[in-house]
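# Fold and contact review
The primary structure of each chain is shown beneath.
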Amino acid sequence: MSVDRVRAVMTIAGSDSGGGAGIQADLKTIAALGCFGTSAITSLTAQNTLGVQDIYPCPPSFVETQIASITCDIDVDAIKTGMLYDGDTIQAVARALKAAFPGPRRPPMVCDPVCVSTSGHTLLRPNAIDTLVDELFPHATLVTPNKPEAELLLSTRQCETEIRSLKTMLSAAEQILKMGPTAVLIKGGHLTTTMSEVEDFVKHHAAVELFKDGGVLSSNMEMLLKRRSTESAQELVVDLLLTSEKTYIFISPRIESSSTHGTGCTLSSAIACGLSQGLTVQNAVRLAVNYTHGGITAAYPIGKGHGPLNHLHNLQPSCLPRRSNTDPYPFTRLLVEATTDTWKAYVEHDFVVQLGKGTLAKERFVHFIKQDYYYLKYYARAYGLLASKSSSFDAMDSAAQTILNVTREINTHRTFCALFGVSAEELEATPESTATTAYGCYLIETGMQGNRTKLLMALLACLLGYGEVGLWLKKQATLPDTWVRLEENPYARWIEDYSGEVYQNAVQAGLDVIEDAAAEDPPTPARFAEWRSVWRKCTQLEKAFWDMAMDLS
Ligand SMILES: Cc1ncc(COP(=O)(O)O)c(N)n1
């Protein structure tokens, strides 16, 4: 679809003086998504991250005038409604829209039935719910209630109200669809779902399409069920979209965050932007869910209470600290600090401790060395990819040097094998383990689909982790109350190699490369979040690699 001109989106909602929700969230989101935002303000709220202190409603006739002013001049491509406060305001909105769009062709409209703020304040008078349903729902392309709002809407129709599961979400959506909108999106943020529940739901409902992390998960259910089964217990947020033809499920990992103020406003505005550009409802919802999820991930602290998501996360320049003499590796520090739990599980793994103490069973070490030999093949190939993604000769040179270092490291592995009685033939005949394939393929995949910096994130977790382990074990060996003296440790050579000058120089070079890459192309918070997740994934894969050696029965 080509967008020949900037699309205009009109939001009809309340103002949030704290800037997190309402009109302020809407206009920021609309701008961030490349549309032109116009606004008709229904009420002013004195509000911050702690709650709503007061509400000053606009006279309904003035709301009507604002809508008329906008629509008589600007071609509105999509409408979004949010906080409407009371029945008179809703009627004024309905009248103004009818006057502005008298024919059957109205711009698509997303109706977010804002009833109560996250902080618990009433934003729509309870007696206005019927008016909302009667006056606006029949004209809405989509209504977007969360769980409490959907339950409130159903309670006015004496329907079964409690939403506990995907099944009850679907039946709530079916009831709300009967109230007149073309589609209903029930937002699942108040519920926790797991992949097993999704799988179970999908098995029993034929016309369901799944989207995960902003992409189409799979149209082939069998494949999906096999592929996802290992993550069946992970906590997910699932949003359910119902149209007259189909049910769509949008799956995102649950993020533990209190920065969610304004989430509903951002989501409905982002959907309106998608619709204004001619997307189908399901695609507009898919992109908006992904955008909103990114905003929660990239939120920064604001206020003393329940802070807002980052509405502008796709636009903002980096807020990373600068490199200085006192803080030479600020970016790496942030990465490690943001993933301390997984990083610790990797570099202080039992395998490492036993290696340092010299108590590690020989078969475990040999198994590890053989698998590391195979892993290094992937690692060297990934540096080949890095060279292909480099734009300067220096960067290519550094990638090529690493390939040469790795081929030298391979000789050390061969020597270790010989030392432990493993012949060259046996090494070559060893089957590759699943942990090796998983890690190796992840590196290659990241290199294929990401840019240079993303691939660097994947490669450096290994380089830096082994550097840290080498130094730690060397230090342990020289402490007065040492685990074991290096001369008495059968794995001394391994410790010497990874704590030695050659490897540690490579680590320093790696640190410089990472810091330069981050400084040259400062990441937006969303990009940083992406890099951090690659880093975390690689530390998990590293841990799984040691696990593989320890699990050897
Ligand atoms: C003006 C206005 N509109 C909408 C919301 C709902 O947002 P939230 O559920 O995040 O409090 C709000 N608090 N204020």
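Positions within a chain are numbered from 1, following the residues in the order the chain's sequence is written. Side-chain atom pairs in this predicted model are given and counted only at pLDDT of 80 or more, local residue features only at pLDDT of at least 70, and totals for whole chains, interfaces and linings cover all residues. Side-chain numbers here rest on the full set of heavy atoms in the structure, without hydrogens or water.

### Re the pairing of strand E1 (residues 8–16)
Regular strands have side chains that alternate between both faces of the sheet. The element E1 is largely enclosed, with a buried count of 9 among its 9 residues. If DSSP finds at least two bridges between two strands, the strands pair. Secondary structure elements follow DSSP: runs of H or I no shorter than four residues count as helices, runs of E no shorter than two count as strands, and numbering proceeds from the N terminus. One ladder, built from 8 bridges, connects E1 with strand E2 (residues 36–48); its direction is parallel. Its bridge partner being in E2, Ser15 is matched across the sheet by Leu44. This β-α-β element, E1 to helix H1 (residues 22–32) to E2, shows right-handed connectivity. The pairing of E1 with strand E4 (residues 78–81) spans 4 bridges and is classified as parallel. Looking at E4, one finds that Val9 is bridged to Ala78. Remark: exposure states derive from per-residue accessible area (1.4 Å probe, protein chains only) relative to the maximum for the residue type, with buried under 20%, exposed over 50%, and partly exposed in between. With its strands directed away from the observer, a crossover is right-handed exactly when the path from the first strand over the helix to the second travels clockwise.

### Notes on the pairing of strand E12 (residues 247–253)
Within E12, 6 of the 7 residues are buried, which leaves the element mostly enclosed by the surrounding structure. In this sheet, E12 lies alongside strand E9 (residues 208–212) in parallel orientation, the contact comprising 5 bridges. Of the residues in E12, the one forming a bridge with Lys212 is Ile251. Judged from the 7 bridges that link them, strand E11 (residues 235–242) and E12 form a sheet pairing that is antiparallel. The residue bridging Val237 from the neighbouring strand is Ser252, located in E12. In sequence, E11 turns back onto E12 through a hairpin of 4 residues.

### A look at the confidence of the model for the protein chain
As a per-residue measure, pLDDT reflects the predictor's confidence and takes values from 0 up to 100. Confidence in the prediction for the protein chain averages 89 pLDDT; 94% of positions are at 70 or higher. Taken together, the chains of this predicted complex give a pTM of 0.63 and an interface ipTM of 0.98.

### Here's the deal with the nonpolar core
Core analysis: the biggest nonpolar cluster contains 73 residues, and Phe351, Phe365, Phe368, Tyr379, Leu443, Tyr466 and Trp494 have the highest contact counts within it. Setting aside residues no more than four positions away along its own chain, Phe351 makes contact with Leu360, Arg364, Phe365, Phe368, Trp546, Ala549 and Met550. In terms of nonpolar packing, the next biggest core, distinct from the first, is built from 55 residues, Ile79, Phe101, Ala128 and Phe201 among them. Side-chain atoms within 4.5 Å link the members of a nonpolar core, which is a set of buried Ala, Val, Leu, Ile, Met, Phe, Trp, Tyr and Cys residues. For this analysis, residues touch if any pair of their heavy atoms sits within 4.5 Å.

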